[in-house]
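Chain by chain, the residues run as shown.
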Amino acid sequence: AVTEVKDVVEQVFNNFKMLYPDYVFRFDDDLHEDVPVHIYRDHLEQILIILFDNAVKYSKDRKEVHLSLSRNLNSVEIGVQDFGEGIPQEDVLHVFDRFYRVDKARSRKKGGNGLGLAIAKRLVEGYHGHIAVESTVGSGSLFRITLPIVKEKPIEKDK
Ligand code: ATP
């Protein structure tokens, strides 16, 4: 399946803007034109919802989420950044594990099972992409995913 990445990213971004009017959402869009990536639209949507959901859920004190979209030669990169509680260094390696939750007591109140990021990672890697996180306790987290771009068919030369 081939999906135009900017189109989906904008859709999810606009939905969250509507759902959380008390948050500031910013979109840094470096793409001049939309880019086709190898993924089902619904799967990309689900990955983005998981990341946005967490960004909102774990940043109640500074309600701001930054989205970025850029490309390299062979891949697009989507960044979802929040300025919330962040993830301790010893937990950061485990947040993509199934059922892993950083603060068991506190996060239970916020709902969730610790499955979202495991699902996101599975999906991204299933499409030969990458997902990674950088985080600092007290200042927030940046999740980045990269997905390979669909290569244009080479123009056939006249024989
Ligand atoms: P759900 O299964 O509903 O997604 P969840 O949020 O607990 O619930 P994950 O999305 O897999 O599950 O996240 C795993 C853990 O990683 C969370 O419980 C939380 O502790 C931590 N985490 C994830 N995203 C963030 C974030 N943006 N900021 C701080 N901590 C985060």
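Since this is a predicted model, take the numbers as computed values, not measurements. (Residues numbered from 1 in each chain as written. Predicted model: local features only at pLDDT ≥ 70, side-chain atom pairs only at ≥ 80, totals over all residues. Heavy atoms only, no water.)

A.B. asks: Please set out the environment of histidine 32 residue by residue, giving values where relevant.
C.D. replies: Assignment of secondary structure puts histidine 32 in the loop between strand E2 (24-29) and strand E3 (36-38). Residues histidine 32 and lysine 57, spaced 25 residues apart in sequence, show a C-alpha to C-alpha distance of 31 Å. (Helix = DSSP H or I, 4+ residues; strand = E, 2+ residues; numbered from the N terminus.)

A.B. asks: Explain the site of the ligand to me, using residue names and the numbers behind them.
C.D. replies: In the region of the ligand, 18 residues are neighbours, and Asn54, Tyr58, Asp82, Arg101 and Leu117 sit closest. Between tyrosine 58 and the ligand, the recorded distance is 2.9 Å, taken from a side-chain N or O atom to an oxygen atom. Expressed as a share of its isolated accessible area of 590 Å², the protein-covered part of the ligand is 92%. Only helix H2 (41-57), helix H5 (116-126) and strand E7 (140-148) provide two or more residues apiece to the shell around the ligand. When its residues are assigned to classes, the shell around the ligand shows eight nonpolar, seven polar and three charged. (Near = heavy atom within 4 Å. Polar contact = N/O pair within 3.5 Å; in protein donor to acceptor, adjacent residues only side chain to side chain. Areas by Shrake-Rupley, 256 points an atom, 1.4 Å probe, with all protein chains shown as cover. Nonpolar A, V, L, I, M, F, W, Y, C, P; charged D, E, K, R; others polar.)

A.B. asks: Quick one: what's the story with the side chain of serine 141, residue by residue and with numbers?
C.D. replies: Relative to the helices and strands, serine 141 is located in strand E7. Side chain to side chain, serine 141 and serine 135 meet in a polar contact 2.8 Å long. Other than its neighbours up to four places away in sequence, serine 141 contacts Val80, Gln81, Asp82, Gly86, Ile87, Val133, Glu134 and Ser135. (Contact = heavy atoms within 4.5 Å.)

A.B. asks: Describe in detail the packing of aromatic side chains, supporting the description with residues and values.
C.D. replies: When we look at a pair of aromatic rings, we describe it by the centre distance and by the angle of the planes. Counted by the stated rule, this structure contains eight aromatic pairs. Here the aromatic rings of phenylalanine 96 and phenylalanine 143 are separated by 6.2 Å at their centres, their planes lie at 80 degrees, and the arrangement is edge-to-face. Of the two residues, phenylalanine 96 is situated in the loop between helix H3 (89-92) and helix H4 (104-109) and phenylalanine 143 in strand E7; the sequence distance between them amounts to 47 residues. Clustering of aromatic rings is evident, with ring pairs tying together Phe13, Phe16, Tyr20, Tyr23, Phe25, Phe27 and Phe52. Over the ring of phenylalanine 83 we find arginine 62; its NZ or CZ atom is 4.3 Å from the centre of that ring. A cation sits over an aromatic face here: lysine 121 above phenylalanine 96, 5.6 Å from the ring centre. (Phe/Tyr/Trp six-rings, centres within 6.5 Å; stacked < 30°, edge-to-face > 60°. Lys NZ or Arg CZ within 6 Å of the ring centre and 35° of its normal.)

A.B. asks: I'd like a rundown of the environment of histidine 43, residues and numbers included.
C.D. replies: Tracing the backbone shows histidine 43 in helix H2. Residue classification places histidine 43 among the partly exposed positions, given a relative accessible area of 26%. Sequence separation between histidine 43 and valine 124 is 81 residues, and the spatial gap between their C-alpha atoms is 8.6 Å. Histidine 43 has contacts with Leu123 and Tyr127, leaving out every residue within four places of it along the chain. (Buried < 20%, exposed > 50% of the residue type's maximum accessible area, 1.4 Å probe, protein only.)

A.B. asks: Give a detailed account of the pattern of salt bridges, specifying residues and quantitative values.
C.D. replies: A full pass over the atoms with the stated rule returns seven salt bridges. Residue aspartate 29 pairs with lysine 6 through a salt bridge whose shortest N-O separation is 2.9 Å. Taken together, the positions of aspartate 29 in strand E2 and lysine 6 in helix H1 (residues 5-19) put the pair 23 residues apart, joining distant regions of the chain. You can call lysine 6 buried: its relative accessible area is 13%. Within the structure, one salt-bridge network assembled from shared partners comprises Glu77, Glu134 and Arg144. (Salt bridge = Lys/Arg side-chain N within 4 Å of Asp/Glu carboxyl O.)

A.B. asks: How would you sum up H5? Please name residues and give values.
C.D. replies: Every α-helical turn comprises 3.6 residues, leaving residues that sit three or four positions apart pointing alike. All of the buried residues along H5 are Leu117, Ala118, Ala120, Leu123 and Val124. Looking at the buried residues of H5, the elements they touch are H2, strand E6 (130-136) and E7.

Keep in mind that these numbers describe shape and distance, not what the molecule does.
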